[in-house]
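The chain contents come next:
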Amino acid sequence: MEIIKYLGSKLSESIELSLPAGRGLIKLAIKDELGPFHPINQLNYEKLVGVIKNSLKKRLVDLDVPNIEDVLDYLLDELNSNQSLITIAGI
Amino acid sequence: MNGLYLVFLSFLMVFIIVLIIVGIFFLINGIHNKLINLKIAGLGFISLCLGFIGNFLFNLHEGFQEIFVFICFTFTTVFTYLTYYKNQKKIGLFVIFLVICLGIIQLILIYASLLGVPHLYYLRISLDVPYTMITFDWMAWASYSSYRHLKNEDIQPWIKIRYLLIAIFSFIISFNNIPEFFQPIGTTWGDSSNPVSLAVFGATAILAVTFAFGFGLAWLMPSWLKNRLNKGYKTIIDKELTKQELLTLIEKQLKDRRNNK
C-alpha cells in the first residue's frame, strides 16, 4: 500500500534507517495497533494516526530512538499532507 | 440542426453512463475497503445521474433534477473533505456549509420560478457559478496540491497521473454552467430550432463529456495503461522477514548509526 511505503520512507529518512527497515517498522506498528489479521486495504486516516501516536511511539521508545516527539510530529504532518494517498492510491 | 442536437444528446448520455459506472465503482470499493468517503462519492454521482434521467427521460421537471444535483454537489464536497482535508475540520465544514447554503438557494429559486415568480433566471445562474466552482475547484485544487507534494516522491507514476487527471477535469467541469448565461430566456434548453439555445446545450454537453472522459479515465484506468505509465519504475518488493529478524535489522542499523556519530 502506497501510504505505508510513503510513511516508511519518511520514517527511514528521519531516523536514518534503510528503506526496507523503515517500512518494516511501520508495518510492525500497524500489526501491534490493529492486530495481525487487519486487512491492509482497510486502513484509514484515523487508524494510521492511532498507529503513529500509540504503537509506533512505543516501538521507537523501546528502540531508544532520540527526539521521538519530533519524529512522530513529522510523520503526522506527512500523513496530514498526503492523506489522500489512502484513497487515490488505494483503489 | 436536429442531427447536431442528437450528437450533443449522445454526449450527455455518455456522461451519465460514465458517471453511473464511476459511482458504482466508488460504492463497491468503499464497501470493500470500508472507506466512507468513497461510499459518499459513489452515492453522490449516482444521484446526479438519477436527476438527469428523471428530467430527460421521464420529463420530471428541473426542480426534480436540482434536488439530485444538490445531493451530488454536497456529497462531492464531503468527499473532498474526507479524502484530502480530514485534519482541517474548520475549513472543511465551512466549505460544506457554503455549498449546502448555495444549493438550498438554488432549490428555492428554481421552485420559485416554477411557481411563476419572474426575473429569477440570471440571479439563479449567477449563484450557480460559485456553487459549481466551489464544489469542483476545491476538489481540483486539493488534487493538484497533493500532486505537487508528491510529484518528486517515490510513488508509482500512474498514481501521480490520477491526481493530475482529477485536478484537470474537475477544473474543467467547474465551468459547466457558464454557457447558461447565453441561454435565451423563454426557450427550452437545447431547442434545436434556436441556434443559440442549441449552442448552449452543445457547450454544456461537450464540457460534460470531456469531464466524463477524464474523470472516468482517472478512476477506471485500465491495467495496460497503468503498466505503461509505470514503465521504468521499479516496484519495491520487501524481503519477507520475521518480526525478530526485522527488529534485529533495525537495532543493528540504529547501533551502526550511533557508532558512526
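Conventions adopted
- Residues numbered from 1 in each chain as written.
- Chains lettered and ligands numbered in written order.
- Predicted model: local features only at pLDDT ≥ 70, side-chain atom pairs only at ≥ 80, totals over all residues.
- Heavy atoms only, no water.
- Helix = DSSP H or I, 4+ residues; strand = E, 2+ residues; numbered from the N terminus.
- Rg over C-alpha atoms; globule rule 2.2 N^0.38 Å.
- Buried < 20%, exposed > 50% of the residue type's maximum accessible area, 1.4 Å probe, protein only.
- Contact = heavy atoms within 4.5 Å.
- Areas by Shrake-Rupley, 256 points an atom, 1.4 Å probe, with all protein chains shown as cover.
- Lys, Arg positive; Asp, Glu negative; His and termini not counted.
- Charge placed at Lys NZ, Arg CZ, Asp CG, Glu CD.
- Expected span 1.5 Å × (residues − 1).
- Axes fitted to C-alpha atoms, helices over the stretch in contact; angles between N-to-C directions.
- Parallel < 35°, antiparallel > 145°, perpendicular 65-115°, else oblique.
- Left-handed = near helix turned anticlockwise from the far one by under 90°.
- Nonpolar A, V, L, I, M, F, W, Y, C, P; charged D, E, K, R; others polar.

**Points about the overall build of chain B**
In terms of helices and strands, chain B carries 9 helices and 0 strands. For chain B, the N- to C-terminal ordering of α and β elements is α-α-α-α-α-α-α-α-α. For a compact globule of 261 residues, the expected C-alpha radius of gyration is about 18 Å, and chain B comes in at 23 Å, more than 25% above that figure. Taken along the three principal axes of its C-alpha coordinates, chain B extends 80 × 40 × 30 Å. Out of the 261 residues belonging to chain B, those deemed buried represent 48%. Contacts spanning at least 24 positions in sequence make up 70% of the contacts within chain B whose residues lie at least 6 apart. Summed over its atoms, the accessible surface of chain B is roughly 13500 Å², and 69% of this surface lies on carbon and sulfur atoms. Within chain B, the 13 negative side-chain charges are centred at a point lying 11 Å from the centre of the 21 positive side-chain charges.

**What to know about helix α6 (residues 157-173) of chain B**
Counted at 1.5 Å a residue, the expected span for α6 of chain B with its 17 residues is 24 Å, and the 24 Å between its end C-alpha atoms agrees. Restricting attention to buried positions, one finds in α6 of chain B the residues Trp158, Ile159, Lys160, Arg162, Tyr163, Leu165, Ile166, Ala167, Phe169, Ser170 and Ile173 of chain B. The secondary structure elements touched by the buried residues of α6 of chain B are α1 (2-15) and α5 (85-88) of chain A together with α3 (62-84), α5 (121-150), α7 (195-219) and α8 (223-229) of chain B.

**Details of the packing of α5 of chain B against α6 of chain B**
Residue and element names in this part refer to chain B. As a packed pair, α5 and α6 sit with axes 8 Å apart at the nearest point and diverge in direction by 155 degrees. Taken together, the axis directions place α5 and α6 in an arrangement best described as roughly antiparallel. For the crossing formed where α5 meets α6, the hand is left-handed. Residues Thr132, Phe136, Asp137, Met139, Ala140, Ser143, Tyr144, Ser146, Tyr147 and Leu150 of α5 touch α6, and the partners they reach there are Lys160, Tyr163, Leu164, Ile166, Ala167, Ser170, Phe171 and Ile173. Looking at side-chain class alone, the contact of α5 with α6 contains 12 nonpolar, 4 polar and 2 charged residues.

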